[in-house]
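# A look at the structure
Chain by chain, the residues:
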Amino acid sequence: MTIFLILAPYGVLAVLSLLTSATVSLFCAALICLAVIAFDIARGRTIKILTVGSVAVFTAIGCYLTFIDATLSINAVSFAVNAGLLSVALLSIAFRHPFTLQYAREMVDPETMQHPGFVPTNYLLTWTWTGAFLLMAIGNMAVLYVPGLPLWSGLLMAFAVRNSAIYFTKWYPEYRKARDRAHPANALPSP
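### What about the overall build of the protein?
Scanning the protein from N- to C-terminus turns up 8 helices and 0 strands. The order of helices and strands in the protein, counted from the N terminus, is α-α-α-α-α-α-α-α. With the C-alpha coordinates aligned to their principal axes, the bounding extent of the protein is approximately 65 × 40 × 25 Å. Put simply, the protein has 191 residues, and 36% of those count as buried. In the protein, 70% of the contacts between residues at least 6 apart in sequence involve partners at least 24 apart.

### Examining the packing of helix α3 (residues 49-67) against helix α4 (residues 74-94)
To characterise two packed helices, one gives the angle between the axes of the helices and the distance between these axes. The geometry of α3 relative to α4 is characterised by a closest axis approach of 9 Å and an angle of 145 degrees between their N-to-C directions. Pair α3 / α4 crosses with right-handed handedness. Packed against α3, whose contacting residues are Ile-49, Leu-50, Gly-53, Ser-54, Val-57, Phe-58, Ile-61 and Leu-65, the element α4 presents Val-77, Ala-80, Val-81, Gly-84, Leu-85, Val-88 and Ser-92 at the interface. Among the residues making up the contact of α3 with α4, the classes are represented as 11 nonpolar, 4 polar and no charged.

### Focus: the environment of Ile-6
With respect to the helices and strands, the residue Ile-6 is situated in helix α1 (residues 2-19). Residues contacting Ile-6, with those up to four places away along its chain left out, are Leu-50 and Tyr-103.

Reading the values: the criteria
Residues numbered from 1 in each chain as written. Predicted model: local features only at pLDDT ≥ 70, side-chain atom pairs only at ≥ 80, totals over all residues. Heavy atoms only, no water. Helix = DSSP H or I, 4+ residues; strand = E, 2+ residues; numbered from the N terminus. Buried < 20%, exposed > 50% of the residue type's maximum accessible area, 1.4 Å probe, protein only. Contact = heavy atoms within 4.5 Å. Axes fitted to C-alpha atoms, helices over the stretch in contact; angles between N-to-C directions. Left-handed = near helix turned anticlockwise from the far one by under 90°. Nonpolar A, V, L, I, M, F, W, Y, C, P; charged D, E, K, R; others polar.

Here you go:
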């Protein structure tokens with residue numbers, strides 16, 4: 001359920017971008033982010049950095065399209081969204097509060113949170129998503145500036161990068177737990 005709530009605004013943005021204007025798509029995605037925030041509040045969860053950042057990014061780009069330049073291509077809008085999400089991820093790291101940490105604290109038991117590898121794991125996961133946002137932005141730039149590059153190549157790259165980040169986000173914490181169980185921190189090395 002959590003991964004659905006995280007990805008829903010971006011999925012809606014992608015689908016609506018094919019059916020309606022970028023402005024409408026962005027504002028609908030922002031509204032879905034606000035609904036996710038309301039859902040989190042109603043369930044007693046924290047308001048997430050990524051969701052609030054996404055509302056800001058979607059709204060800012062939507063306002064830019066509404067009031068300044070409505071002629072941006074969908075690839076330019078996608079680049080702006082990915083660059084905005086990249087900024088949110090980098091800022092969460094710079095302020096020493098990686099955005100994945102909020103999700104992790106709501107999904108694990110208190111004992112896991114006390115483990116010395118818990119915070120470093122979340123930094124690695126946030127860096128993974130930061131890299132994914134960067135690669136998606138590069139894919140958008142390539143489609144914008146490389147003549148003859150088909151639109152589907154940018155979409156394929158975004159799909160592959162996003163799915164790889166999702167897989168890594170699910171796999172790495174389990175790998176880390178299994179590795180740490182096999183080698184407890186207080187174990188003495190064998191001769």
